[in-house]
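So you can see what is in the structure, the chains are spelled out below.
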Amino acid sequence: MTGTGQKLNIRRRVGEVNSLSFCCLSPTPTSLDNRCVNMIANLFHAPVGQDEAVISCGIVASSESAGLAFKMKWQHRRKAQGLPIDKPNIVTGVNVQVCWEKFARYFEVELKEVKLSEDYYVMDPAKAVEMVDENSICVAAILGSTFTGEFEYVKLLNDLLAEKNAKTAWETPIHVDAASGGFIASMGEEYQCQ
Ligand SMILES: Cc1ncc(COP(=O)(O)O)c(C=O)c1O
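Residues numbered from 1 in each chain as written. Predicted model: local features only at pLDDT ≥ 70, side-chain atom pairs only at ≥ 80, totals over all residues. Heavy atoms only, no water.

Student: Would you explain the site of the ligand in this entry?
Tutor: Lining the immediate surroundings of the ligand are Ala61, Ser62, Ser63, Glu64, Gln97, Cys99, Asp177 and Ala179. A distance of 2.6 Å separates a nitrogen atom of the ligand from a polar side-chain atom of Asp177. About the coverage of the ligand: the protein hides 68% of its 400 Å² of free accessible area. With three residues, helix H3 (residues 62–80) is the single largest residue contributor to the shell around the ligand. Partitioned by chemical class, the residues of the shell around the ligand number three nonpolar, three polar and two charged. (Near = heavy atom within 4 Å. Polar contact = N/O pair within 3.5 Å; in protein donor to acceptor, adjacent residues only side chain to side chain. Areas by Shrake-Rupley, 256 points an atom, 1.4 Å probe, with all protein chains shown as cover. Helix = DSSP H or I, 4+ residues; strand = E, 2+ residues; numbered from the N terminus. Nonpolar A, V, L, I, M, F, W, Y, C, P; charged D, E, K, R; others polar.)

Written out as structure tokens, the structure is:
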């Protein structure tokens, strides 16, 4: 075995052990997850009883999983209507986190990106909704743009999309990537829609 081969093997083994210890052997990450999720639940006034606790589920690649769920939901709906399911797409701004590009590539979904303009550095809701068609599995917005940290105008996106959905019956949903800004968004109304 060459040196490089050995290194690769070791890295793979460490990866296996790490993921095993993360979820099965060490209680620390789980207890941290649980504390954070309970704080967030309180901030959002989740209906949790006095002696109840919210249970967390820490994972990696939650975005890809959410994307896959959107794709499957769209496929189920289209199949039930006897419509083709071979050309799914996702609408996002070019400023979204790289996970959406990866999701689109790995799960064979066309990535329809709203370009930014010189004085507007987040996804323009009107342009995004214009790009939505019957094959759109969702529109992915972000609270805390990857480029600038700016929050996208999710309320306007929702209003415009609801209008389009009412006209077309496409039922296109919105996913909000709040990985970086969701915690702050819970604390002030002014952050929730610019
Ligand atoms: C803004 C943002 N979105 C999405 C992700 C991806 O998260 P996950 O691995 O749970 O899909 C990250 C991870 O750092 C992130 O910072």
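Student: Teacher, can you tell me more about the side chain of Asn165 here?
Tutor: With respect to the secondary-structure elements, Asn165 resides in helix H6 (residues 154–168). Under the relative-accessibility criterion, Asn165 is labelled buried at 17%. Among residues more than four places away in sequence, those in contact with Asn165 are Trp170, Glu171 and Thr172. (Buried < 20%, exposed > 50% of the residue type's maximum accessible area, 1.4 Å probe, protein only. Contact = heavy atoms within 4.5 Å.)

Student: Would you explain helix H4 (residues 98–106) in this entry?
Tutor: Residues lying three or four places apart along an α-helix face the same way, a consequence of the helix completing one turn every 3.6 residues. Among the residues of H4, those classed as buried are Cys99, Trp100, Phe103 and Ala104. Relative to the axis of H4, the buried residues are bounded by an arc of 135° and lie together on one face. Residues Arg105 and Tyr106 are exposed on H4 and point more than 90 degrees away from its buried face. Contacts made by the buried residues of H4 are with H3, strand S1 (89–93), strand S2 (110–114), strand S3 (136–142) and strand S4 (174–177). At the C-terminal side of H4, Glu108 shows a positive phi close to 55°. (Arc of directions from axis to C-beta.)

Student: Whenever I open this one, the packing of H3 against H4 confuses me. Can you help?
Tutor: Packed helices, taken two at a time, are described by their axes: the angle between them and the distance between them. One way to put it is that H3 packs onto H4 with a least axis distance of 9 Å and a crossing angle of 45°. For the element pair H3 / H4, the angle class is oblique. Considering the relative orientation of H3 and H4, their crossing is right-handed. Residues Ser63, Glu64, Gly67 and Leu68 of H3 form the contact with H4, whose own contacting residues are Cys99, Trp100, Lys102 and Phe103. Residues of the contact of H3 with H4, tallied by class, amount to four nonpolar, two polar and two charged. (Axes fitted to C-alpha atoms, helices over the stretch in contact; angles between N-to-C directions. Parallel < 35°, antiparallel > 145°, perpendicular 65-115°, else oblique. Left-handed = near helix turned anticlockwise from the far one by under 90°.)

Student: Would you mind going over helix H2 (residues 27–43) with me for this structure?
Tutor: With 17 residues, H2 ought to run about 24 Å at 1.5 Å a step, and its terminal C-alpha atoms sit 25 Å apart, in line with that. His45 lies just past H2 and shows a positive phi near 55°. (Expected span 1.5 Å × (residues − 1).)

Student: What should I look at first to understand the pattern of salt bridges in this one?
Tutor: Side chains carrying opposite charge are able to pair once their charged atoms draw close together. Using the criterion set out here, one finds five salt bridges in the structure. A salt bridge links Asp133 to Lys112; the shortest N-O distance between them is 3.1 Å. Here Asp133, found in the loop between helix H5 (125–131) and S3, pairs with Lys112, found in strand S2; they are 21 residues apart in sequence, far enough to count as distant. (Salt bridge = Lys/Arg side-chain N within 4 Å of Asp/Glu carboxyl O.)

Student: Is there a simple way to think about the packing of aromatic side chains in this case?
Tutor: Each aromatic ring pair is specified by the distance between its two centres and by the angle formed by the two planes. Scanning all chains against the criterion turns up two aromatic pairs. A centroid spacing of 6.1 Å and a plane angle of 80° characterise the contact between Trp100 and Phe103, whose relative ring orientation is edge-to-face. Taken as a pair, Trp100 and Phe103 lie in helix H4 at a separation of three residues, close to a single helical turn. When sorted by exposure, Trp100 lands in the same class as Phe103, which is buried. (Phe/Tyr/Trp six-rings, centres within 6.5 Å; stacked < 30°, edge-to-face > 60°.)

Student: Honestly, unusual backbone geometry in this entry has me stumped. Any pointers?
Tutor: Glycine aside, residues mostly have negative phi angles, and peptide bonds mostly take the trans form. Even without being a glycine, Glu108 presents a positive backbone phi close to 55°. Tracing the backbone shows Glu108 in the loop between H4 and S2. Unlike most non-glycine residues, Ala169 shows phi in positive territory, near 65°. Relative to the helices and strands, Ala169 resides in the loop between H6 and S4.

Student: Teacher, can you tell me more about the environment of Pro88 here?
Tutor: Summarising the element assignment, Pro88 is placed in the loop between H3 and S1. Residue Pro88 is classed as buried on the basis of its relative accessible area of 5%. Separated by 13 residues in sequence, Pro88 and Gln75 have C-alpha atoms that sit 8.4 Å apart. Those residues within four positions of Pro88 in sequence are excluded, and the remaining contacts are Lys71, Trp74, Glu108, Val109, Glu110, Asn135 and Ile137.

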